[in-house]
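# Chain and residue survey
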Amino acid sequence: MTIHLDVHTDGVALVTMDNPPVNAISVEDTWRLRDIFDGFSRDSDVRVAILTSEGRGFNAGIDIKEMQSSGNFDFLISSGNACFAAFSAIYHTPIPVIAAVNGYALGLGVGLVGSCDIVIASTKARFGLPEVDNGALGCASHLAKLVPPMMLRRMVFTCESVSAAQLHEWGTVYRLTEPEVLLDTALEVARDILKKPAQVVRQAKTALNEIDFYDMERNYRIEQGHTYELNLRGDGAKQRDAFVRGERIITR
């Protein structure tokens, strides 16, 4: 298992992705993320969650090699359902969720970050969507919460990434830190939230979701529909095969 849960006695839950070298995760582990964040709805002792990772990347997306080895369309749909469920569980978790981002957050990684409430990032972090290079669409719905509209379009079409420093300038990243103090900084922010009345914070999370004008879940489903169309046409498999053969590098 590459997803680890550690609940501290003070009420902070640490969810860590650990799948070297770049934390591309399997469909099974994507469902595991869903289950963990769903569980916080039933655990009143957990008051703040931090989503982070080990190694040199936050999350480089779904495991493309696993997807290509499956050889069937049902697995692709299962992957899409797992991503939707994980993003939804994080977004609807009735407690604040802090993303502590080191290294690359790509594709699925952007979806995870965009589903959180607060973003803390290291100076080494970068954010991007290589989906067009992969013959797919997805997580532009989440990237739209992180960058301005015209930047969103440029990033989708070019597959170029942006730095955490840029997102910090725009106010998307709350704290910009050196990698070695990333987790300490996230814990500091989490413990500031712990000083607030627990039920009021939960009510605030619910209210913020209810007044959110941006329907991220609906928009993501639209992206997924276009992705399935691309796969029916054969474009998706063609691009993923090129990646598996080592003809493309997805980080830019």
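Residues numbered from 1 in each chain as written. Predicted model: local features only at pLDDT ≥ 70, side-chain atom pairs only at ≥ 80, totals over all residues. Heavy atoms only, no water.

Here is the rule: UniProt positions are given in the numbering used here, feature names are shortened, and annotations may be inferred rather than shown by experiment.
If you look the protein chain up in an unreviewed UniProt entry, it shows as Short chain enoyl-CoA hydratase from Mycolicibacterium moriokaense. Under the heading Sequence similarities (unreviewed entry), UniProt records this for the protein chain: "Belongs to the enoyl-CoA hydratase/isomerase family."

### What to know about helix 8 (residues 182-194)
Short version of the rule: Under the DSSP-based scheme used, a helix requires at least four consecutive residues in state H or I and a strand at least two consecutive residues in state E, with every element numbered from the N terminus. How far a helix is expected to stretch is found by multiplying one less than its residue total by 1.5 Å. Only protein chains enter the calculation, and the probe is 1.4 Å; a residue is then buried if its accessible area is under 20% of its type maximum, exposed if over 50%, and partly exposed in between. Residue contacts follow a heavy-atom distance rule, with two residues in contact if any of their heavy atoms lie within 4.5 Å.
In this model, helix 8 (13 residues) spans 19 Å end to end at C-alpha, consistent with the 18 Å of a helix rising 1.5 Å per residue. All of the buried residues along helix 8 are Leu-182, Thr-185, Ala-186, Leu-187, Val-189, Ala-190, Ile-193 and Leu-194. Buried positions along helix 8 lie against strand 2 (12-17), strand 3 (48-53), strand 5 (97-101), strand 7 (118-122), strand 10 (175-177) and helix 9 (198-211).

### Re the sheet that holds strand 8 (residues 126-128)
Operational definition: At least two bridges found by DSSP between two strands are what make those strands a pair.
Reading across the sheet, the 4 strands line up as 4-6-8-9 and stay open at both edges, with mixed pairing between neighbours. Of all the strands in the sheet, the pair left with one neighbour each is strand 4 (57-59) and strand 9 (162-163). For strand 4 and strand 6 (residues 104-106), the ladder comprises 2 bridges, and the chain directions are parallel. Bridge assignment links Asn-59 to a residue of strand 6, and that residue is Ala-105.

### Observations regarding the nonpolar core
We count it as follows: Buried Ala, Val, Leu, Ile, Met, Phe, Trp, Tyr and Cys residues form a nonpolar core when they are joined through side-chain atoms within 4.5 Å.
Counting residues in each nonpolar core, the largest one holds 52 residues, and the members touching the most others are Leu-33, Phe-37, Leu-51, Val-101 and Phe-127. Considering every element that reaches this core, the biggest residue donor is helix 3 (residues 73-92), with 8 residues. Every residue in contact with Val-101, bar those within four places of it in the chain, is listed here: Phe-58, Val-113, Val-119, Ile-120, Ala-121, Ser-122, Ala-125, Phe-127 and Leu-182. Val-12, Ile-50, Ala-100 and Ile-193 belong to the second-largest nonpolar core, a separate cluster that totals 15 residues.

### Structural notes on the state of the cysteines
Using the following cut-off: By convention in this document, the label disulfide applies to cysteine sulfur atom pairs within 2.5 Å.
According to the stated counting rule, one finds 0 disulfides in the structure shown. Considering cysteine sulfurs only, Cys-139 is the nearest to Cys-83, which forms no disulfide, with 6.7 Å between them. Summary of cysteine pairing: Cys-159 is not part of a disulfide, and the nearest cysteine sulfur, belonging to Cys-139, is at 13 Å.

### So, a nonpolar patch on the surface
To be explicit about the condition: Two distance rules govern patches: like charges are joined within 9 Å, and nonpolar side chains (Val, Leu, Ile, Met, Phe, Trp, Tyr) within 5 Å, applied only to residues with over 30% relative accessible area and no salt bridge. Per-residue and other accessible areas follow the Shrake-Rupley method at a 1.4 Å probe size, with only the shown protein chains counted as cover for residues. Salt bridge criterion: a side-chain nitrogen from Lys or Arg within 4 Å of a carboxyl oxygen from Asp or Glu.
There is a patch of nonpolar side chains on the surface, built from Phe-73, Ile-77 and Leu-232 and spanning about 270 Å² of accessible area. Tracing the chain through its elements places Phe-73 in helix 3.

### Considerations on the layout of surface pockets
How we decide: Cavities and pockets are found on a 1 Å grid laid over the protein atoms alone: a cavity is a set of points where a 1.4 Å probe fits but cannot escape, a pocket is an open set with protein on both sides within 12 Å along at least five of seven lines, and a lining residue has an atom within 4 Å of such a point. Grid points are joined across faces, edges and corners, and a volume is the space filled by probe spheres set on the points. Side-chain classes follow a simple rule in which Ala, Val, Leu, Ile, Met, Phe, Trp, Tyr, Cys and Pro form the nonpolar group, Asp, Glu, Lys and Arg form the charged group, and the remainder, Gly included, forms the polar group.
Within this model, the second largest pocket holds a volume of roughly 310 Å³. Among the elements that line the lining of the second largest pocket, the one with the most residues is helix 4 (residues 108-115), at 3 residues. Considered class by class, the residues forming the lining of the second largest pocket number 9 nonpolar, 5 polar and 3 charged.

### What to know about empty space enclosed by the protein
Counted according to the given criterion, the structure contains 3 cavities of 30 Å³ or more. Lining the second largest cavity, in full, are Arg-47, Val-48, Ile-95, Pro-96, Ile-193, Leu-194, Ala-198, Val-201 and Arg-202. No other element matches helix 9, which puts 3 residues into the lining of the second largest cavity. For the lining of the second largest cavity, the residue count by class is 7 nonpolar, no polar and 2 charged.

### Looking at the environment of Thr-30
Tracing the backbone through its elements, the reader meets Thr-30 in helix 1 (residues 27-39). Classification of Thr-30 by relative accessible area gives buried; the value is 0%. Sequence separation between Thr-30 and Ile-120 is 90 residues; the distance between their C-alpha atoms is 22 Å. Apart from residues no more than four positions distant in its own chain, Thr-30 is found in contact with Ile-25, Ile-62, Ala-82, Cys-83, Ala-86 and Leu-108.

### Brief notes about the packing of helix 3 against helix 10 (residues 216-233)
Which entries qualify depends on this criterion: Where helices are involved, their axes are fitted lines through C-alpha atoms of the stretch in contact, as for all axes, and angles between N-to-C directions lie from 0 to 180°. Reported orientations rely on four angle classes, namely roughly parallel under 35 degrees, roughly antiparallel over 145, roughly perpendicular from 65 to 115, and oblique for the rest. The handedness criterion is simple: a crossing whose near helix is rotated anticlockwise from the far helix by less than a right angle is left-handed, and one whose near helix is rotated clockwise is right-handed.
Running from amino to carboxyl end, helix 3 crosses helix 10 at an angle of 165°, the nearest separation of the two axes being 11 Å. As far as their axial angle goes, helix 10 and helix 3 are roughly antiparallel. Our pair here, helix 3 against helix 10, has a crossing hand that is right-handed. Touching Phe-73, Leu-76, Ile-77, Gly-80, Asn-81, Cys-83, Phe-84, Phe-87, Ser-88, Tyr-91 and His-92 of helix 3 are Met-216, Glu-217, Tyr-220, Arg-221, Gln-224, Tyr-228, Asn-231 and Leu-232, all from helix 10. Here the residues of the contact of helix 3 with helix 10 sort into 11 nonpolar, 6 polar and 2 charged.

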